Each structure stands twice: as C-alpha cells, then as structure tokens.
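# Architecture and fold: a report
Spelled out from the first residue to the last, the chains are:
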Amino acid sequence: MSAFSKARSRTASLIAIVLIAAAALALARRSPSPADEAYDVVILNGRVMDPESGLDAVRNVGVKDGKITAISSEALHGTTAIDAKGLVVAPGFIDLHEHGQEARNYEFQAHDGVTTSLELEVGTDDVDAWYAARAGKSLINFGVSVGHVPVRMRVMHDPSDFLPSGDAAHKKASAEQISEMETALAKGLDRGALAVGMGIAYTEAASHDEIVRMFQVAAKYHASVHVHLRYYGAKEPLTGLAGLEEVIAAAEATGAPLHVVHIVSTGLTETPQLIAMVEGARKHGLDVTMECYPYNASSTRIETTIFDPGWQEARGITYKDVQWAATGERLTAESFERFRKLGGDVVIFGIPDSAVHAALADPQVMIASDGMRISGPKVHPRGQGTFSRFLGHYVREEKVLDLMTALRKITLMPAQRLEMHAPMFRDKGRIRLGADADITMFDPNRIIDQATYEEPLQYSEGIAFVLVNGVPVLKDGKLVESVFPGKPARAPIAQ
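Residues numbered from 1 in each chain as written. Predicted model: local features only at pLDDT ≥ 70, side-chain atom pairs only at ≥ 80, totals over all residues. Heavy atoms only, no water.

### Thoughts on the environment of Pro377
- The residue Pro377 is located in the loop between strand 16 (365–367) and helix 14 (382–397) in this model.
- In this structure, the C-alpha to C-alpha distance between Pro377 and Leu457, residues 80 residues apart in sequence, is 7.0 Å.
- In this structure Pro377 touches Ala325, Ala326, Pro456 and Leu457, once residues within four positions along its chain are discounted. (Helix = DSSP H or I, 4+ residues; strand = E, 2+ residues; numbered from the N terminus. Contact = heavy atoms within 4.5 Å.)

Listed below in structure tokens is the structure:
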C-alpha cells in the first residue's frame with residue numbers, strides 16, 4: 001500500500017472514530033423520552049380533549065408533583081395508573097358561581113366534574129378569614145371575590161347573614177359609607193380576592209354613582225366585576241335590558257372587566273336581546289362576558305328585595321310557581337307571607353325553555369351553577385348537577401353544541417376570565433404541559449345529572465375519575481376518602 005493510501009485510511013478511521021464519539025455524546029445528552037420518566041399518576045388510553053390547543057386524540061398523560069408533565073402516544077409508567085379507555089380526559093371544570101362553599105357541596109361538585117369552585121357573585125367582606133376557613137381541608141380548589149353585598153351589609157349594619165334584608169337593601173348610602181366600601185373592596189383585592197362581586201338586585205337602594213365607584217376600584221386592579229343585574233324580566237321600564245345598560249355603561253366609563261351572572265334568570269324572555277347586547281359590546285372593544293345555568297328555575301332567599309312588591313308582574317309568575325326549599329311545598333299567599341318573615345331558600349319556576357336553549361347554544365356564554373348551600377332536602381338541583389346536565393342532556397341528547405365547544409365553556413373560558421388579575425388561572429382549564437393536574441374523566445355516552453327538583457341531593461353519573469392537583473378525589477365514580485388536595489385559588493397578595 002502506498003504512503004498516500006495509508007494516510008487516507010488513517011484519516012478515514014479517525015473520522016469514523018470522531019463520528020462514533022459524537023453520536024455517543026449526543027445519545028448521552030438527549031432529552032429523556034416521556035416513557036423513561038416515572039410519574040405519580042399516569043392516565044392511559046383516554047381521549048384527550050384540550051380546548052386551548054384543539055387537541056382531540058387518544059393520548060397518555062403523565063402527572064408529577066401536581067402538574068401535567070407528559071402528553072404522549074408512548075407508553076407511560078407511574079405509581080398510580082388509570083385506564084381511561086372510552087373516557088374523555090378533559091380539564092377539570094371551573095365553576096365561577098357556587099355559593100355552597102362547604103364540604104358537602106364540594107362532594108357533589110366533585111361528582112359533577114368540578115375541580116375549582118368559586119364564589120364570585122356575593123363574595124365575602126373578609127378575604128383572609130374566608131380562605132383560612134378552608135385551607136387544608138377542601139376536596140377541591142376554592143376561591144372568592146370581595147363582595148359589594150357583604151361589605152355594604154357590614155357598613156350599614158344589616159342584620160342578615162347572607163343576603164341583605166335591612167338597610168343594606170333599602171337605604172341609600174352616605175358619602176362616608178360609600179368611601180368605606182371603596183376602601184373595603186380595595187383591601188379585599190390586595191388580600192388576593194379573585195374579583196369584585198356585586199348583587200345589585202339585592203341592594204336596590206344603591207345609587208348609580210355608588211355602582212360606578214365600585215367598578216372604579218375593580219378597574220385599578222384589572223379585576224372583573226361579577227354582577228347580578230339590578231332588574232329582571234321584561235316589564236318596562238325596569239327590565240333586564242335596563243339593568244344590563246347600567247353595568248355596561250359602568251364598565252365603559254371605568255375600564256373594569258364585566259361578567260354578567262345567570263343571564264337567563266335575569267333576562268327571561270329577553271335573554272336573546274341581553275346576549276346580543278353583550279356581544280355587541282364585545283365587538284366594540286369592551287371586556288364583557290356572561291354565564292348561565294341549564295335549568296328553567298332559579299333560586300334565592302325569600303326575604304330579599306327580589307320578592308318586594310311587583311315581583312309577580314316582573315317575572316310573570318305567582319305564588320304557586322315558588323317552592324319552599326325546606327319542604328318542597330308550593331306557596332300560597334298565606335304561606336308566602338309567613339315564610340318571608342321567617343326567611344329561607346326558595347326555588348322559582350318561570351324561566352322559558354327557549355331562553356335556556358338560546359344561552360346554552362351560544363359559544364360565548366359560560367356555564368356556572370349558582371349552586372346554593374345545602375339548606376334543605378328540596379334545594380335547587382343546580383349545585384349538584386349543572387355540568388353533567390349540560391354535557392349529557394343538552395350537548396349529547398339535544399346537540400345544542402359540539403363537545404369541544406361545550407368543554408371550552410366550562411374550562412378554558414372561566415380560566416381566561418380570571419387570569420388577568422389572577423395569573424394562576426393561566427395553568428387551569430387546559431390539558432397542556434405545565435398546567436395544573438386538575439383533570440376530569442367522563443364517559444361521553446353516559447354522563448348525566450341525577451339531581452332533580454323532587455330529589456336534588458343525588459350524585460351525577462358517568463364521571464369516572466377526577467384529579468385535583470394530581471390527587472384522585474373520585475375513582476371509579478366513588479369519592480376517595482380522607483383526601484383534601486384542594487388549594488386556594490387566589491390572586492397575588494399585595495406586599
């Protein structure tokens with residue numbers, strides 16, 4: 001062999017050695033495959049549906065330290081394995097409007113697929129105490145607004161325990177009292193309240209100026225204002241449209257984001273017009289959103305201003321359309337007066353089915369339960385069955401929406417509503433890497449509510465598994481005992 005050939009051979013050998021070494025180094029440095037990881041929980045063979053990315057495919061999901069850390073078609077292995085074949089694997093449902101923030105309510109909500117339950121309409125006047133009362137002992141995540149209603153009740157020394165019936169409902173506030181309310185709302189937002197809650201229908205004496213000033217506080221924090229409109233029904237001039245005009249004007253004047261609660265029970269026959277007004281405001285640049293629940297009856301306290309004289313004409317109903325929650329009896333003129341003095345929950349029948357369908361079918365109307373604290377055997381069923389009823393009866397059976405759009409209304413959209421003021425919600429309502437492992441798995445062919453007006457305290461069916469911060473709280477359709485993985489859903493606390 002010539003010297004030239006020998007040199008070329010040595011060069012080729014050196015190149016080969018270098019290439020092999022480089023390949024070995026690259027192999028050593030490569031990122032591990034999801035299949036190489038060890039997870040706390042793996043969800044296998046489920047139909048993963050993520051409304052943010054549009055993913056709708058069979059995938060395996062890995063969960064570690066309360067977060068989603070893998071979404072893969074590869075096989076995954078973990079300490080706990082859940083076979084989700086035949087199940088939809090969705091982000092955990094977020095309920096923006098649930099008054100029953102107690103352990104028993106959380107059990108029903110977990111069975112209904114809810115992983116985050118929020119009291120944003122009425123709210124609280126003491127944010128720190130509210131969160132402290134639930135810390136470390138909640139099945140699901142929890143959160144609250146600072147509420148104009150409870151703040152007004154405290155400032156005006158109203159004797160009621162939940163919704164006002166005294167001066168906070170019927171008396172105009174002084175300039176000093178309004179200033180005190182502004183200070184209280186700001187303090188609540190500084191302490192991590194998720195939003196400002198307003199039940200203007202329950203504080204009928206509140207002036208337009210007072211309402212605008214509460215909106216101004218919210219605007220400074222970029223916090224949404226969750227409003228029960230001042231008026232309801234279609235009796236001129238005090239209709240739901242007039243109530244909506246008031247808060248849209250306040251939102252426009254102040255820049256505060258606006259969220260209209262239970263638009264159907266407020267709009268009644270005018271619901272399509274209210275929805276059109278909100279969508280018109282959105283097209284003109286206002287940050288306005290809305291919600292509803294999938295029932296043809298509402299619920300509130302009988303002693304409130306909702307039942308002040310004129311309620312029959314405004315709603316187009318009478319005594320027999322009102323049910324006493326404690327016994328299920330329909331009211332008469334005599335029992336109405338008796339129970340109004342006593343005070344308590346009632347169920348009010350009178351929402352047109354056409355209004356319910358209009359709101360549920362609109363892609364921009366979120367779903368929230370407006371569930372009540374369980375105060376009697378005939379409490380409204382919405383706190384126990386809202387989300388399963390929506391997905392089972394209205395989406396599967398009535399086909400008002402496709403499943404992905406429906407999931408968006410109960411996961412991604414509620415999270416987006418809150419994430420400007422509370423950035424933690426950027427990791428909720430999604431199935432994506434790094435998101436909180438709040439996950440609901442359900443059979444799309446079986447999911448349905450079981451709670452009825454006659455027997456409201458019944459768990460929903462078809463929801464097989466629910467994870468809260470990566471911890472199973474529902475397994476094979478049954479509650480897991482002695483687990484409390486729920487965390488506070490809270491905005492940043494001012495230093």
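### Thoughts on helix 8 (residues 240–254)
- Its 15 residues give helix 8 an end-to-end C-alpha distance of 21 Å, which sits within 8% of 21 Å, the value for a rise of 1.5 Å per residue.
- Counting buried residues along helix 8, 11 of its 15 residues qualify, which places the element largely inside the surrounding structure.
- Looking at the buried residues of helix 8, the elements they touch are helix 7 (208–220), strand 10 (225–228), strand 11 (258–260), helix 9 (263–267) and helix 10 (271–283).
- The distance from a side-chain oxygen at the start of helix 8 to the backbone nitrogen of Leu241 is 3.2 Å, and the residue carrying that oxygen is Thr239.
- With its phi angle positive at about 85 degrees, Gly255 sits one or two positions after the end of helix 8. (Expected span 1.5 Å × (residues − 1). Buried < 20%, exposed > 50% of the residue type's maximum accessible area, 1.4 Å probe, protein only. Polar contact = N/O pair within 3.5 Å; in protein donor to acceptor, adjacent residues only side chain to side chain.)

### Brief notes about helix 15 (residues 403–410)
- Of all the eight residues making up helix 15, seven are buried; the element is thus mostly covered by neighbouring parts of the structure.
- Buried within helix 15 we find Leu403, Met404, Thr405, Ala406, Leu407, Lys409 and Ile410.
- If you check the start of helix 15, you find a side-chain oxygen 3.2 Å away from the backbone N of Met404, and it comes from Asp402.

### Quick word on the side chain of Thr266
- Mapped onto the elements of the fold, Thr266 is located in helix 9.
- Once residues within four sequence positions are removed from consideration, Thr266 is found in contact with Leu229, Tyr231, Tyr232, Gly233, Gly240 and Val261.

### Remarks on the pairing of strand 7 (residues 114–124)
- Counting buried positions over the 11 residues of strand 7 gives 11, a clear majority of the element.
- Here strand 6 (residues 93–95) runs beside strand 7; their pairing, made up of three bridges, is parallel. Across the sheet, the residue bridging to Phe93 is Val114, located in strand 7.
- Where strand 7 meets strand 8 (residues 141–147), five bridges bridge the pair, whose relative direction is parallel. Opposite Ser117, over in strand 8, you have Phe142 as the bridge partner. (Pairing = 2+ DSSP bridges.)

### Some details on the sheet that holds strand 14 (residues 322–324)
- Taking strand neighbours across the sheet as the criterion, the three strands line up as 13-15-14 in an open arrangement whose pairing is antiparallel. Unpaired on one side and paired on the other, strand 13 (297–301) and strand 14 mark the two borders of the sheet. Mean inter-strand twist for the sheet, computed between neighbouring axes without regard to direction, equals 25 degrees.
- Pairing of strand 13 with strand 15 (residues 345–349) involves five bridges; the strand directions are antiparallel. (Axes fitted to C-alpha atoms, helices over the stretch in contact; angles between N-to-C directions.)

### Side note on the side chain of Arg152
- Along the chain, Arg152 falls in helix 4 (residues 148–155).
- Here Arg152 falls in the buried class, since its relative accessible area comes to 0%.
- When near neighbours in sequence (up to four residues on either side) are disregarded, Arg152 contacts Asp167, Ala168, Ala169, Lys171, Lys172, Ala173, Met181, Thr203, Ala205, Ala206 and Glu210.

### Regarding the layout of surface pockets
- Considered as a void within the structure, the largest pocket measures approximately 500 Å³ in volume.
- What lines the largest pocket is a set of 22 residues, among which Glu119, Val122, Gly123, Asp161 and Phe162 lie closest to the centre.
- When residues of the lining of the largest pocket are traced back to their parent elements, those giving at least two are strand 7 and helix 4.
- Broken down by element, the residue count for the lining of the largest pocket peaks at four residues, all from strand 7.
- Partitioned by chemical class, the residues of the lining of the largest pocket number six nonpolar, six polar and 10 charged.
- What the second largest pocket holds in volume is close to 370 Å³.
- A per-class count over the lining of the second largest pocket returns nine nonpolar, two polar and five charged. (1 Å grid on protein atoms, 1.4 Å probe; cavity = no way out; pocket = protein on both sides within 12 Å on 5 of 7 lines; lining within 4 Å. Points joined across faces, edges and corners; volume = space filled by probe spheres on them. Nonpolar A, V, L, I, M, F, W, Y, C, P; charged D, E, K, R; others polar.)

### As for the packing of aromatic side chains
- This structure, assessed with the given rule, holds 14 aromatic pairs.
- Between Trp311 and Phe336 the ring centres are 5.2 Å apart and the planes differ by 25 degrees, which places this aromatic pair in the stacked class. Taken as a pair, Trp311 in helix 11 (residues 311–315) and Phe336 in helix 12 (residues 333–342) lie far apart in primary sequence, 25 residues in all. Considered together, Trp311 and Phe336 belong to a single accessibility category, that of buried residues. (Phe/Tyr/Trp six-rings, centres within 6.5 Å; stacked < 30°, edge-to-face > 60°.)

On their own, these measurements won't tell you what the molecule is for.
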